[in-house]
Amino acid sequence: MKKMLFIMNPVSGQKKANRVLSEIIQEFNRAGYEVVVYMTNGPGAATELAQYHGEDADLIVCCGGDGTLNETITGLMRAGLDIPVGYIPSGSTNDFAASLKISGNPVQAARDIVEGEPRQYDVGKFADRYFSYVASFGAFTRTSYTTPQSVKNALGHTAYVLSGISELSQIRNEHIRMEIDGEVVEDDYLFGAICNSTSVGGVVNLNPRMVDMSDGLFEILMIRAPKNLMEIHECIQAVQNQTYDCAMITFRTGSHIKITADPEMPWTLDGEREDGHAVVEVHNLHRAIRLVQKEQSQ
């Protein structure tokens, strides 16, 4: 019988997956999997479970938000394991799942894993940490790790928007220098993101035609602070229209990025805080993971 390691974050999102856990496990049992279930009990738990128990599994499935997926992938990368991963999204925003059109219904997501095939995707490496879809700084990025879990559970994605608005009075420009595959970009920026996703915090959405999550390249979006109402309007229109052709926006693609910034400036990796760095290098690990997906979920 095939073995599955099932890692579940029991406090993610509105806990909707908890109510159908038995149905989820039944889907995998019917497909011939012997399922070992672990519940995470705090930050880093999913990483340890994947790292130290993953080698005994034929498939690892994580159920939680983007942070749970990040930890699971981190555990596999640290252990050097090439084991297929299934993802049942049950968090507040689920950017990664939205980019891949993974079902938000936990039982359907489990069924799609059973009927799916492994597909290769890139992973980002930020210093000695990993990210599945985004490393960002500046406006709105603090929201994902400062909004209390109880508020996220009660309000879902709305919590991010409300908390993000409250940040506006505290936002400052950050002077950033980036060497992107040899090209230097330097300015004062309000927001920046190194993405492998079409959705960033549910606030910024990239054009799906411009994003290939397995091409070995990141999409890099930097937004300079508008100087007046006209520039604010122009910037909002460019983001909404997914054109990125206004003076406030710098858009590039690249696989290796060297960043010089204020060491006190925090980052967010897949919604989790990362301390600042004076200099940090970001690498695209081309097709480093295999994620199980059903064809129609693309």
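Up top you'll find the structure we're talking about.
Described in the following lines is the structure provided in the data block. As the structure is a prediction and not an experimental result, all values here were calculated from the model.

The next subject is the nonpolar core. Most often, soluble globular proteins have nonpolar side chains that are buried together. Counting residues in each nonpolar core, the largest one holds 43 residues, and the members touching the most others are Ile7, Tyr87, Phe96, Ile249 and Leu291. Residues within four places of Phe96 in sequence aside, it is in contact with Asp66, Leu69, Tyr87, Ser132, Tyr133, Met213 and Leu291.

Once that is clear, we can look at the sheet that holds strand 14 (residues 249-254). Spatially, 6 strands are ordered 14-13-10-7-16-17 in an open sheet, and the strand pairing comes out antiparallel. Only two strands of the sheet have a single neighbouring strand rather than two, namely strand 14 and strand 17 (272-274). In this sheet, neighbouring strand axes are inclined to one another by 20° on average, regardless of whether the strands run parallel or antiparallel. In the sheet, strand 7 (residues 134-138) pairs with strand 10 (residues 191-195) via 5 bridges, with the strands oriented antiparallel. The residue of strand 10 that forms the bridge with Ser136 is Ala193.

Since the α-helix turns once every 3.6 residues, residues separated by three or four places project in the same direction. Its 14 residues give helix 3 (residues 66-79) an end-to-end C-alpha distance of 20 Å, which sits within 8% of 20 Å, the value for a rise of 1.5 Å per residue. Along helix 3, 12 of the 14 residues are buried, which leaves the element largely enclosed by surrounding structure. All of the buried residues along helix 3 are Asp66, Gly67, Thr68, Leu69, Asn70, Glu71, Thr72, Ile73, Thr74, Gly75, Leu76 and Met77. Looking one or two places after helix 3, you find Gly80, whose phi comes out positive at around 70°.

Each regular strand displays side chains that alternate between the two surfaces of the sheet. Among the 6 residues of strand 3 (residues 59-64), 6 are classified as buried, and the element is accordingly described as predominantly covered. Side-chain alternation along strand 3 places Leu59, Val61 and Cys63 on one buried face and Ile60, Cys62 and Gly64 on a second face that is also buried. Pairing between strand 1 (residues 2-8) and strand 3: 5 bridges, direction parallel. Directly across from Met8, in strand 3, lies its bridge partner Cys63. Bridge count between strand 3 and strand 4 (residues 85-89): 5 bridges; the pairing is parallel. Paired with Val61 across the two strands is Gly86, which belongs to strand 4. Once the chain exits strand 3 it traverses helix 3 before rejoining the sheet at strand 4, and the crossover so formed is right-handed.

Here is what the cut-offs are and how they apply
Residues numbered from 1 in each chain as written. Predicted model: local features only at pLDDT ≥ 70, side-chain atom pairs only at ≥ 80, totals over all residues. Heavy atoms only, no water. Core = buried A, V, L, I, M, F, W, Y, C linked by side-chain atoms within 4.5 Å. Buried < 20%, exposed > 50% of the residue type's maximum accessible area, 1.4 Å probe, protein only. Contact = heavy atoms within 4.5 Å. Pairing = 2+ DSSP bridges. Helix = DSSP H or I, 4+ residues; strand = E, 2+ residues; numbered from the N terminus. Axes fitted to C-alpha atoms, helices over the stretch in contact; angles between N-to-C directions. Expected span 1.5 Å × (residues − 1). Right-handed = clockwise from strand over helix to strand, strands pointing away.

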